[in-house]
Amino acid sequence: SSGINAEYGQDELHSRQEPLEAEEDLANFDITEWKKRFLRWMDGNHERIIDLFRKFDVNKDGTLSHQEFKDGIIQSGIPTPRSCFPVIIKEFDRDDSNDINYREFAAALKRYEFKPKTEGEHIDYEV
């Protein structure tokens, strides 16, 4: 039936578009926005940075390989275009050692803090 052919055509078209989409994702990728989303996700899941680091560190060697880091992000379900991982990894692996230690992991996330409003700020508004 023509339905099957049409679907096949779509798939073919889709796979041809992917490299273009990847470039577009990369061009539009905002690391700060991504970190905001990541921190909001952590906040919503009551995840502490240290717990998340331990969860990502599958072989328990105290550092995250780039693969462990990538797998952890993918498993967390935070929308992350695959083509943007090199940018994210560079942000976390500051010393280019090919792994991410806890200090780097925490520092990268703390460079953008997602802060809920504090009591102090509410008082300011009322004055």
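Quick note: structure is the one above.
The sections below set out a description of the structure shown in this document.

Calculation notes
- Residues numbered from 1 in each chain as written.
- Predicted model: local features only at pLDDT ≥ 70, side-chain atom pairs only at ≥ 80, totals over all residues.
- Heavy atoms only, no water.
- Helix = DSSP H or I, 4+ residues; strand = E, 2+ residues; numbered from the N terminus.
- Expected span 1.5 Å × (residues − 1).
- Buried < 20%, exposed > 50% of the residue type's maximum accessible area, 1.4 Å probe, protein only.
- Arc of directions from axis to C-beta.
- Contact = heavy atoms within 4.5 Å.
- Polar contact = N/O pair within 3.5 Å; in protein donor to acceptor, adjacent residues only side chain to side chain.
- Lys, Arg positive; Asp, Glu negative; His and termini not counted.
- Salt bridge = Lys/Arg side-chain N within 4 Å of Asp/Glu carboxyl O.
- Phe/Tyr/Trp six-rings, centres within 6.5 Å; stacked < 30°, edge-to-face > 60°.

### Here's the deal with helix H2 (residues 31-44)
At 3.6 residues per turn, the α-helix brings residues three or four places apart onto the same side.
Part 1 of the reasoning: With 14 residues, H2 extends 20 Å from end C-alpha to end C-alpha; this agrees with the ideal 20 Å at 1.5 Å per step.
Part 2 of the reasoning: Residues of H2 that are buried include every one of Ile31, Trp34, Lys35, Phe38, Leu39 and Met42, and no others. Projected onto a plane normal to the axis of H2, the buried residues spread over an arc of 130 degrees and lie on a single side.
Part 3 of the reasoning: On its buried face, H2 is in contact with helix H3 (49-56), helix H4 (66-76), helix H5 (85-92) and helix H6 (102-110).
Part 4 of the reasoning: Between the side-chain oxygen at the start of H2 and the backbone nitrogen of Thr32 there is a gap of 2.9 Å, and the oxygen is on Asp30.
Part 5 of the reasoning: Just downstream of H2, His46 is the residue with a positive phi angle, here 50 degrees.

### A word on the side chain of Glu68
Part 1 of the reasoning: Along the chain, the position of Glu68 falls in helix H4.
Part 2 of the reasoning: Buried charge Glu68 goes without a salt bridge, the closest partner of opposite sign being Lys60 at 7.6 Å.
Part 3 of the reasoning: Side-chain polar atoms of Glu68 contact the backbone nitrogen of Val58, separated by 3.0 Å.
Part 4 of the reasoning: A distance of 2.9 Å separates a polar side-chain atom of Glu68 from the backbone nitrogen of Ser65.
Part 5 of the reasoning: With residues near it in sequence (within four places) discarded, Glu68 still touches Phe56, Asp57, Val58, Asn59, Asp61 and Thr63.

### Considerations on unusual backbone geometry
Part 1 of the reasoning: The phi angle at His46 is positive, at roughly 50 degrees, despite the residue not being glycine.
Part 2 of the reasoning: Within the secondary structure, His46 sits in the loop between H2 and H3.
Part 3 of the reasoning: For Asn98, which is not glycine, the phi torsion reads 70 degrees and is therefore positive.
Part 4 of the reasoning: Along the chain, Asn98 falls in the loop between H5 and strand E2 (99-101).
Part 5 of the reasoning: A residue is classified by how much of its surface remains accessible, and Asn98, at 55% relative accessible area, is exposed.

### Description of the packing of aromatic side chains
Part 1 of the reasoning: The tally for this structure, following the rule as stated, stands at 10 aromatic pairs.
Part 2 of the reasoning: Between Trp34 and Phe92, the aromatic rings sit 6.3 Å apart at their centres with planes inclined by 85 degrees, giving edge-to-face as the arrangement. Separated by 58 residues along the polypeptide, Trp34 in helix H2 and Phe92 in helix H5 bring together distant segments of the chain. The same class applies to Trp34 as to Phe92, namely buried.
Part 3 of the reasoning: An angle of 75 degrees between the planes, with centres 6.4 Å apart, marks the rings of Phe56 and Phe69 as edge-to-face. Of this pair, Phe56 sits in helix H3 while Phe69 sits in helix H4, placing them 13 residues apart in sequence.
Part 4 of the reasoning: Relative accessible area serves as the criterion here: at 0%, Phe69 is assigned to the buried category.

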